[in-house]
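Structural description and commentary
Okay, here's what each chain looks like letter by letter:
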Amino acid sequence: MEQIAYVNGSFVPLSEAKVSILDRGFLFADGIYEVAAVLDGKLIDNASHLARLERSVGEIQLALPETIARIQEIQQELVKRNNLVNGMVYLEVTRGADTGRDFAFPKDVKPTLIMFTSTKDIVNAPSAKTGINVITVPDLRWTRRDIKSVALLAQVLAKQAAAAAGAGEAWMIEDGKVTEGGSSSCFILTQDDVIVTRQNGSEILPGCTRKAVVALAEERQLRVEERAFSVEEALAAKEAFITSASLFVQAVVSIDGKKVADGKPGPMTNRLREIYVEFAKATAV
Ligand code: PLP
């Protein structure tokens, strides 16, 4: 059966899901997106994703075409219509399609809202056992990375460079420090067992998985420090890992071809992954 997508009020087969060539998401990347994981047919940490959506659209003065409660209902309906068990729901809202290509905001144009799903067994992904290799690239992005904008060209190039090098993620570097991964938040575990992840601010996206992992670690009296770290520090660490909605917690076993510790996922990473999966299942909607 063909996959079902959502476009501006209608559930339609994916091949019929279309928006105008004048859509500002297409012309200007004038839009915001979110990705929420699905486990056993339920949305993971979705309140956090929808809170970030509200914040992001607010930062670009874009009014959502539906309430947050209705958006969650649409996500759930789409999961149901696709019989999705494990995977993700992607949603995007743009400033809509005007009659031409004026940069300034159009008047009386309804924002575009689209959603589609994809299948992925996040819990049993093979890379959860092996860990992933990362490469480093310069961070070429704009200065409002806290907004989850669909302008992802810098990340497309970063992740293509990673793919070409046989790596699973690119860590972006600015002023000698890691900002974040192409589509993930970065963590290390120092030799004295401190979990370090860069503090939120306009330099990085405030990751929902990052936020949950930090809270879960602190609840368990694990030491967490929110500050920037360098690649040298990551290579001298006990462990390194990344977090995202589509990976949960994932070990990083090498950076630019150099092993992190013994080049295997470490016990803290494995423990945090288990804790996160437990939290995800217990709070799914
Ligand atoms: N940082 C960037 C640049 C991302 O694109 C993403 C996710 O796509 C993340 C971090 C992780 O955020 P989350 O945990 O909310 O998926």
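No experiment lies behind these values; they were computed from the predicted model shown.

**A short note on the pairing of strand 8 (residues 169-174)**
- Bridging between strand 7 (residues 132-138) and strand 8 involves five bridges; their strand directions are parallel. Its bridge partner being in strand 8, Ile-135 is matched across the sheet by Ala-170.
- Following the chain from strand 7 across helix 5 (residues 153-164) to the adjacent parallel strand 8, one finds a crossover that is right-handed.
- Counting the residues between successive antiparallel strands, the hairpin from strand 8 to strand 9 (residues 177-181) contains two residues, one of them, Asp-175, with a positive phi of roughly 50 degrees.

**Quick word on the site of the ligand**
- Arg-52, Glu-180, Cys-208, Thr-209 and Ala-245 are the nearest of the 19 residues found near the ligand.
- At 3.1 Å, a side-chain N or O of Lys-148 approaches an oxygen atom of the ligand.
- At 2.8 Å, a backbone N or O of Cys-208 approaches an oxygen atom of the ligand.
- Protein chains bury 93% of the 390 Å² of accessible surface belonging to the ligand in isolation.
- Contributing elements (two or more residues each) for the shell around the ligand: helix 2 (46-59), strand 9, helix 6 (208-219) and strand 13 (239-244).
- The class makeup of the residues in the shell around the ligand is four nonpolar, eleven polar and four charged.
- Counting the residues that make up the shell around the ligand, at least three belong to each of domain 1 (4-119) and domain 2 (127-283).

**Side note on helix 8 (residues 267-283)**
- Look at helix 8: 24 Å from first C-alpha to last across 17 residues, which is about the 24 Å you get at 1.5 Å a residue.
- All of the buried residues along helix 8 are Met-268, Thr-269, Leu-272, Arg-273, Ile-275, Tyr-276, Val-277, Phe-279 and Ala-280.

**Let's talk about the domain arrangement of the protein chain**
- Here the domain parsing of the protein chain yields domain 1 (4-119) and domain 2 (127-283).
- Listed by partner, the interface residues are 21 residues for domain 1 and 21 residues for domain 2.
- With both sides pooled, the region where domain 1 packs onto domain 2 buries about 1,800 Å², and carbon together with sulfur makes up 63% of that total.
- Taken together, the connections running from domain 1 to domain 2 amount to two salt bridges.
- Among the salt bridges present, the one from Asp-146 reaches Arg-55, with a minimum N-O distance of 3.0 Å.
- The interface formed by domain 1 and domain 2 includes six residue pairs in polar contact (both at pLDDT 80 or more).
- Within the residue set of the side of domain 1 that touches domain 2, elements represented by two or more residues are strand 3 (31-39), helix 2 and strand 5 (87-94).
- A total of seven residues in the side of domain 1 that touches domain 2 trace back to one element, the largest contributor, which is strand 3.
- Broken down by class, the residue content of the side of domain 1 that touches domain 2 amounts to ten nonpolar, four polar and seven charged.

The rules behind each value
Residues numbered from 1 in each chain as written. Predicted model: local features only at pLDDT ≥ 70, side-chain atom pairs only at ≥ 80, totals over all residues. Heavy atoms only, no water. Pairing = 2+ DSSP bridges. Helix = DSSP H or I, 4+ residues; strand = E, 2+ residues; numbered from the N terminus. Right-handed = clockwise from strand over helix to strand, strands pointing away. Near = heavy atom within 4 Å. Polar contact = N/O pair within 3.5 Å; in protein donor to acceptor, adjacent residues only side chain to side chain. Areas by Shrake-Rupley, 256 points an atom, 1.4 Å probe, with all protein chains shown as cover. Nonpolar A, V, L, I, M, F, W, Y, C, P; charged D, E, K, R; others polar. Domains from an automatic or database assignment. Expected span 1.5 Å × (residues − 1). Buried < 20%, exposed > 50% of the residue type's maximum accessible area, 1.4 Å probe, protein only. Contact = heavy atoms within 4.5 Å. Buried area = accessible area lost by both parts, 1.4 Å probe. Salt bridge = Lys/Arg side-chain N within 4 Å of Asp/Glu carboxyl O.

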